[in-house]
Structure formats: C-alpha cells, structure tokens
Amino acid sequence: MRNGKHPQPLGGVATANMLSVDLEDWFHICEVEEVLPRRAWDHLPSTVVADTEVLLELFRKFHVHATFFVLGYVAARYPDLVCRIHGMGHEIGYHGWDHELVYRLTPHAFRHILRQGVECISGITGSRPIGFRAPQWSINDLNPWALEVLAEEGFLYDSSMAPLKFIGSESYPRRPHALKLPGGHLWEVPPLVLKTPLGNYPIGGGWGLRCMPYPIIRHRVSRLNQRNLPALFYFHPKEFGYQGAIHNLPFIKRFVLRAGIWNTREHLARLLADFKFVPIGASLGLDLPEGMLPYNQASVR
Ligand SMILES: [Zn+2]
C-alpha cells in the first residue's frame, strides 16, 4: 500500500454500503465485436451524458455519493461530464480505456492502459483514480498478474473479481478483503451476491438485481449490515435510458442487458431510501483529501 501503510480493517463506516456506476455508453458491451465493432463506436449515437443525468438526479435527491468507474473512451470524449461528476463529490475510478477484457491483454498492454487512463482522468479532475473495475469482471484465475500490475501502478483497490460461476469463481471471498502482493497491498471489493443451493446469484447489479424481488435484496443487505459488513452495488447509465441496436445481439447478451430493466429505477430508489451508501474509497477509509495524489507525484513506475 502507498506510504507503506497496511490496510486497516473496515471500521465505523462499515454499515455504509458501497454504490458504484460503470460510466460507459450503451454500446460498450464485451464480446460482440461482430455486431458492434470498435471502429463503429464513433459513428453511433451516444447517450451516456443523458442517461447519466438520470442517475445523478437520483443521487442528488437522496444526497448520496457513488464511485464512478469511468471508461477512458468516455472520459476523452466527455471530459465535462467527468469533471462535473467529480465536482459533485462523487469518487472517480477507472474502467479501462476501450472496454477491453483484461484477461485478453498482456501485462504490458494492461499497464499501458492503466497509465493512459490515470493520465487522462488526472488531467480532467486534478486527482488520480485509486480504484479500478475491469469490464465484465475480467480479472479472475486466468490473470492474477493483473492485481500485481494494479498495485504497482498505484491503485489502492480493485473491484473486478466476481464470486460467480462463469465470469469469476464461487470460491472468491464475498466480502472486501486486502490482498498482499509484491507491489503492495490492494483491496479487492466484490459485488454483492446471494448464496443459494444452486450457487451464488448476482443481486448486486445487472439482471440479477433487476429480476430479484426487492424484499429479498433488502433482507440480504440488512443481514450484512447487522454484521457491520457493506454490500457493493453497481449500475450502468444505459440501464436508465436508451439502448440502441441490441436487438442484433446474441440472446444471452440481450438477456443480461434488458431482463427486468423496468425494475431498475425502482430498486435503486428503494435501496437509496432504505440504506446508507458511500463511494467505495470512503467505505474502505481511502477517501484521500482532494489533490493529495496528483498524477505527477503518484508512485507510477
Ligand atoms: Zn463496463
């Protein structure tokens, strides 16, 4: 960890849950290169600014702050949006540059993408991101090296390892935990899942949260908070607005993107009304003072 400090256990703010947003456009979807190729993105109608407004208004109404994991592609095109989100008191994290699956990258390419994003975001907000979330939870047993690269590049926490079959592993811890790595310590912050006889179910966001009856989600979060443990939720702007051309996508992608979509706003609003939420960095006690880690002085090697 930076300055040689060891991670502290989750303390008095533990019962504040963690709220996060992956700040990307509707066409930032992994593994659909044949339908939405990277070269077409610049010619597609962008809705990220309008869709994010819906989320920001909801957060304003409930006086909550979140972590926005910003995609480099979006930061480069809409710096004013990122600047405004930061100015409203939300934490700015990083979500990769072109929505790359991290396990398809080489360590060298991943390091380059991290530096590119840190430089871009630092230039917009004046402070460097300390948190990372990989597109489609793409840090798993295929690429444990990615955690070492994150720590070496000065990131203090990661939220990319899902305790779920297929995209991660049910063997992964279901609560925030500190990893000791050669490059330093790194917090790993998994999304909320519900343990069931059929395996872990993703109630922290996406189709899992949208399709699960709200009382079950509320019960799970209450139980965790009674034990001073936070739940991590994640949302996408596109869940609150337009999603073009997804009728051309494979069924599984359409399901993931649209199943229960009509419940999104209600479930989020009820969560915000029922529970306390803070950005991830604040929950971990890492909400460093503004400007304390300007990019040029960060421990980027
Ligand atoms: Zn994403």
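Residues numbered from 1 in each chain as written. Predicted model: local features only at pLDDT ≥ 70, side-chain atom pairs only at ≥ 80, totals over all residues. Heavy atoms only, no water.

Caption draft 1: Layout of empty space enclosed by the protein. Under the definition given, this model contains 1 cavity of 30 Å³ or more. The calculated volume of the largest cavity comes to roughly 50 Å³. For the largest cavity, the full set of lining residues is Met 18, Arg 174, Arg 175, Pro 176, Val 189, Pro 190, Pro 191, Leu 192, Leu 224, Pro 230, Ala 231 and Leu 232. Grouping the constituent residues of the lining of the largest cavity by class yields 10 nonpolar, no polar and 2 charged. (1 Å grid on protein atoms, 1.4 Å probe; cavity = no way out; pocket = protein on both sides within 12 Å on 5 of 7 lines; lining within 4 Å. Points joined across faces, edges and corners; volume = space filled by probe spheres on them. Nonpolar A, V, L, I, M, F, W, Y, C, P; charged D, E, K, R; others polar.)

Caption draft 2: Seen up close, the coordination of the zinc ion. The protein atoms donating to the zinc ion are Glu 24 (OE), His 95 (NE2) and His 99 (NE2), with metal-donor distances spanning 1.9 to 2.1 Å. Taken in sequence order, the residues that donate to the zinc ion follow the motif E-x70-H-x3-H. For His 99, a relative accessible area of 11% gives the class buried. (Donors = N, O, S within 2.8 Å, 3.2 Å for Na, K, Ca; no water. Buried < 20%, exposed > 50% of the residue type's maximum accessible area, 1.4 Å probe, protein only.)

Caption draft 3: Representation of the layout of surface pockets within the structure. Each pocket or cavity is described by its volume, and for the largest pocket that value is around 900 Å³. What lines the largest pocket is a set of 38 residues, among which Gln 136, Trp 137, Ile 167, Trp 207 and Val 256 lie closest to the centre. At the level of secondary structure, the elements contributing two or more residues to the lining of the largest pocket comprise strand S9 (199-201), helix H6 (206-211) and helix H8 (251-258). Residue contributions to the lining of the largest pocket peak at 5 residues, all from H8. A per-class count over the lining of the largest pocket returns 17 nonpolar, 11 polar and 10 charged. (Helix = DSSP H or I, 4+ residues; strand = E, 2+ residues; numbered from the N terminus.)

Caption draft 4: Just the packing of helix H4 (residues 107-125) against helix H5 (residues 145-152), in detail. Remark: H4 packs on H5, axes separated minimally by 10 Å, with the N-to-C direction vectors making an angle of 35°. In the crossing of H4 with H5, the sense of the turn from one axis to the other is right-handed. Two secondary-structure elements touch here, H4 through Pro 107, Phe 110, Arg 111 and Leu 114 and H5 through Trp 145, Ala 146, Val 149, Leu 150 and Glu 152. Here the residues of the contact of H4 with H5 sort into 7 nonpolar, no polar and 2 charged. (Axes fitted to C-alpha atoms, helices over the stretch in contact; angles between N-to-C directions. Left-handed = near helix turned anticlockwise from the far one by under 90°. Contact = heavy atoms within 4.5 Å.)

Caption draft 5: Focus on the packing of aromatic side chains. Within this structure, the stated rule accounts for 16 aromatic pairs. A ring pair is formed by Tyr 201 and Trp 207, whose centres lie 5.4 Å apart and whose planes are at 80°; its orientation type is edge-to-face. With a centroid separation of 5.4 Å and 50° between ring planes, the pair formed by Trp 207 and Phe 255 is classed as tilted. In this pair, Trp 207 is assigned in helix H6 and Phe 255 in helix H8, connecting sequence segments 48 residues apart. One aromatic cluster in this structure is built from Tyr 94, Phe 110, Phe 132, Trp 145 and Phe 155. Its guanidinium or amino end placed over the ring of Tyr 73, Arg 77 lies 3.6 Å from that ring's centre, counting from NZ or CZ. (Phe/Tyr/Trp six-rings, centres within 6.5 Å; stacked < 30°, edge-to-face > 60°. Lys NZ or Arg CZ within 6 Å of the ring centre and 35° of its normal.)

Caption draft 6: Structural view of the side chain of Glu 239. Topologically, Glu 239 is positioned in the loop between strand S10 (232-235) and H8. There is a polar contact of 2.6 Å between the side chain of Glu 239 and the side chain of Arg 210. Of the polar contacts made by the side chain of Glu 239, one reaches the backbone nitrogen of His 236; its length is 2.7 Å. When sequence neighbours within four positions are dropped, the list of residues in contact with Glu 239 reads Gly 206, Arg 210, Ile 261 and Thr 264. (Polar contact = N/O pair within 3.5 Å; in protein donor to acceptor, adjacent residues only side chain to side chain.)

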